[in-house]
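Descriptive structure summary
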Amino acid sequence: MRGKDMIRGLALVAPLVWQGCSPTYILRAGWEEARILSVRRPIQAVVHDTAAPAELRAKLRLVQDARDFAERSLGLRAGDSFTSFAQLTRDTLAINISAAPELGLYWKTWWFPIVGRVPYKGYFDFEQAFEEAERLRSQGFDVSVRPVSAFSTLGWLPDPILSTTLRLDSLSLVETVIHEITHTTFFPPGQANFNESFANFVGNHAAIAFYCEAVADEAKCEIARLRWEDTREFGRFFNSVAEPLREAYASDMSEEAKRERKGEIFRDAAERFETDVKPRLRAGRYGSLEPSQLNNAWVLARLLYYTRLDDFERLLQRFGSLEPSLQAVFGEAAEGDAWAALDRLLEGPQDR
């Protein structure tokens, strides 16, 4: 790990200790980040290493192509990200924990420097993650536990592409690389729902542009289009679950009546997903929903990535293609509420 990278890493994590976060948590996160950076190799070197597996070399070339496409065709800024590769010793990078009140559809948040308040906390120590999840449940929170295969340090550190990320198929790999580069380019602090949903939109449409235009792979082009349609369908569904929950929690019903209504909403959601949503999904990326596993944190964790995707699609149609749409957002949402900036872009003139 280069000295400059170590200094940046310490600058990123040290302030957290003084903001009430567990020193153990911070030290483990810093140690894991240092370990990842210490084992990285330049992608170019691995690609030209004939002893490396052919599949690995092919995927790393795809990462290079996706990174180049993001910068050259979309105007995104990758910095030093995804110029190196790190082989991890496990299949899951980290575990994300998020939580919400039992009878409220809003996040429990944690504050961090640079990124502001975020509705999740990542753990490299899986045992510690599950202990935190149980602690939150014991306090009455609904909890969501999700595996993570990639993350971004927003350009503060030279993020390598990880072996956990390379497990993705080629389409998902392109989406993920450009999703994370979007965060490096533009990440208004404290606006997690916008940041993740916007990057979801960018990653999906970038994959479409990459496979339909840059490499002209007709089969993958079609799959990329279908995946974006499915992604928007998921977004509509998750919002259709959130709306009646918000109504119930805001009502003057008793707490017991709210709990009963909550159960009804989730049972109905699982049934509607099977009968109404699944038949409309075409890209083959879905399972089933178990009502007993659904809770407020589960809904919010989905909305984090699936909020107002149809409005982002409208933005794309308004500006004609992805690159001018991105530049419009970067300019309009440079300060203040990013969702309000999106509204202004959708309502105002295009010649800004």
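Everything here concerns the structure above.
Procedures and definitions
Residues numbered from 1 in each chain as written. Predicted model: local features only at pLDDT ≥ 70, side-chain atom pairs only at ≥ 80, totals over all residues. Heavy atoms only, no water. Helix = DSSP H or I, 4+ residues; strand = E, 2+ residues; numbered from the N terminus. Buried < 20%, exposed > 50% of the residue type's maximum accessible area, 1.4 Å probe, protein only. Contact = heavy atoms within 4.5 Å. Areas by Shrake-Rupley, 256 points an atom, 1.4 Å probe, with all protein chains shown as cover. Disulfide = S-S within 2.5 Å. Phe/Tyr/Trp six-rings, centres within 6.5 Å; stacked < 30°, edge-to-face > 60°. Axes fitted to C-alpha atoms, helices over the stretch in contact; angles between N-to-C directions. Parallel < 35°, antiparallel > 145°, perpendicular 65-115°, else oblique. Left-handed = near helix turned anticlockwise from the far one by under 90°. Nonpolar A, V, L, I, M, F, W, Y, C, P; charged D, E, K, R; others polar. Pairing = 2+ DSSP bridges. Salt bridge = Lys/Arg side-chain N within 4 Å of Asp/Glu carboxyl O.

Scanning the protein from terminus to terminus reveals 13 helices and eight strands. For the protein, with 352 residues in total, the buried portion stands at 53%. Across the protein, the fraction of contacts at a sequence separation of at least 24, relative to all contacts at a separation of at least 6, is 74%. A total accessible area of about 16400 Å² is found for the protein, and carbon and sulfur atoms account for 50% of it.

For the rest of this paragraph, the subject is the side chain of N96. Inspection of the secondary structure assignment puts N96 in strand β3 (residues 94-101). Relative accessible area serves as the criterion here: at 12%, N96 is assigned to the buried category. Setting aside anything within four residues of it in sequence, one finds N96 in contact with Y120, K121, G122, S144, V145, R146 and V148.

The next thing to look at is the environment of L245. Assignment of secondary structure puts L245 in helix α8 (residues 218-250). Between the C-alpha atom of L245 and that of E264, which follows or precedes it by 19 residues, the distance is 10.0 Å.

Turning our eyes to something else, we now look at the state of the cysteines. For the structure on display, the rule yields one disulfide. Disulfide pairing is shown between C212 and C221; the S-S distance is 1.9 Å. Looking along the S-S bond of the C212-C221 disulfide, the torsion reads about 95 degrees, which is the right-handed sense. As far as burial versus exposure is concerned, C212 and C221 are alike and both buried.

Quick look at helix α7 (residues 192-214) now. Burial runs high along α7: 20 of the 23 residues are buried. One or two steps after α7, the chain reaches A216, where phi turns positive at roughly 50 degrees.

Each aromatic ring pair is characterised by the separation of its centres together with the angle its planes make. Inspection of every chain in the model, using the stated rule, returns 21 aromatic pairs. Each ring, one from F201 and one from F312, has its centre 5.3 Å from the other, and the planes form 15 degrees; the classification is stacked. Pair noted here: F201 is in helix α7 and F312 is in helix α11 (residues 309-319), with a separation of 111 residues, a long-range link. F312 shares its class with F201; the two are buried. Judged by centre distance (6.3 Å) and plane angle (75 degrees), the rings of F234 and Y306 are edge-to-face. On the criterion of sequence distance, the pair formed by F234 in helix α8 and Y306 in the loop between α10 (296-303) and α11 is long-range, its members being 72 residues apart. For F234, a relative accessible area of 12% gives the class buried. Taken together through their ring pairs, the aromatic side chains of F186, F194, F198, F201, W228, F312, F330 and W339 make up a single cluster.

Another aspect to go through is unusual backbone geometry. One non-glycine residue, A216, lies in positive phi territory at about 50 degrees. Locating A216 in the fold gives a position in the loop between α7 and α8.

A few words on the packing of α8 against helix α9 (residues 255-277). Two measures define how a pair of helices packs: the angle their axes make with one another and the distance between the axes. For the pair α8 and α9, the least separation of the axes is 10 Å and the interaxial angle reads 160 degrees. Judged by the angle between their axes, α8 and α9 are roughly antiparallel. Seen from above, α8 lies across α9 with right-handed handedness. Contact residues: α8 offers E233, F234, F237, S240, V241, P244, L245, A248 and Y249, while α9 offers K258, R261, K262, I265, F266, A269, R272, F273 and V277. Each residue belonging to the contact of α8 with α9 can be placed in one class, and the counts come to twelve nonpolar, one polar and five charged.

Reading across from one edge, β1-β2-β8 is the order of the three strands in this open sheet, with mixed pairing throughout. Both edges of this open sheet fall to β1 (41-42) and β8 (161-162), since each of them pairs with a single strand only. Where strand β2 (residues 84-86) and β8 come together, two bridges link them in parallel fashion. Paired with F85 across the strands is I161, a residue of β8.

A few words on the pattern of salt bridges. Inspection of the entire model under this criterion finds 23 salt bridges. Note that E255 is salt-bridged to R259, the shortest N-O span being 3.5 Å. Of the two residues, E255 and R259 are both situated in helix α9; the distance of four residues between them amounts to about one turn of the helix. Judged by relative accessible area, which is 52%, E255 ranks as exposed. Residue D343 is joined to R308 by a salt bridge in which the shortest nitrogen-to-oxygen separation is 2.5 Å. Taken as a pair, D343 in helix α13 (residues 338-347) and R308 in the loop between α10 and α11 lie far apart in primary sequence, 35 residues in all. You can call D343 partly exposed: its relative accessible area is 28%.

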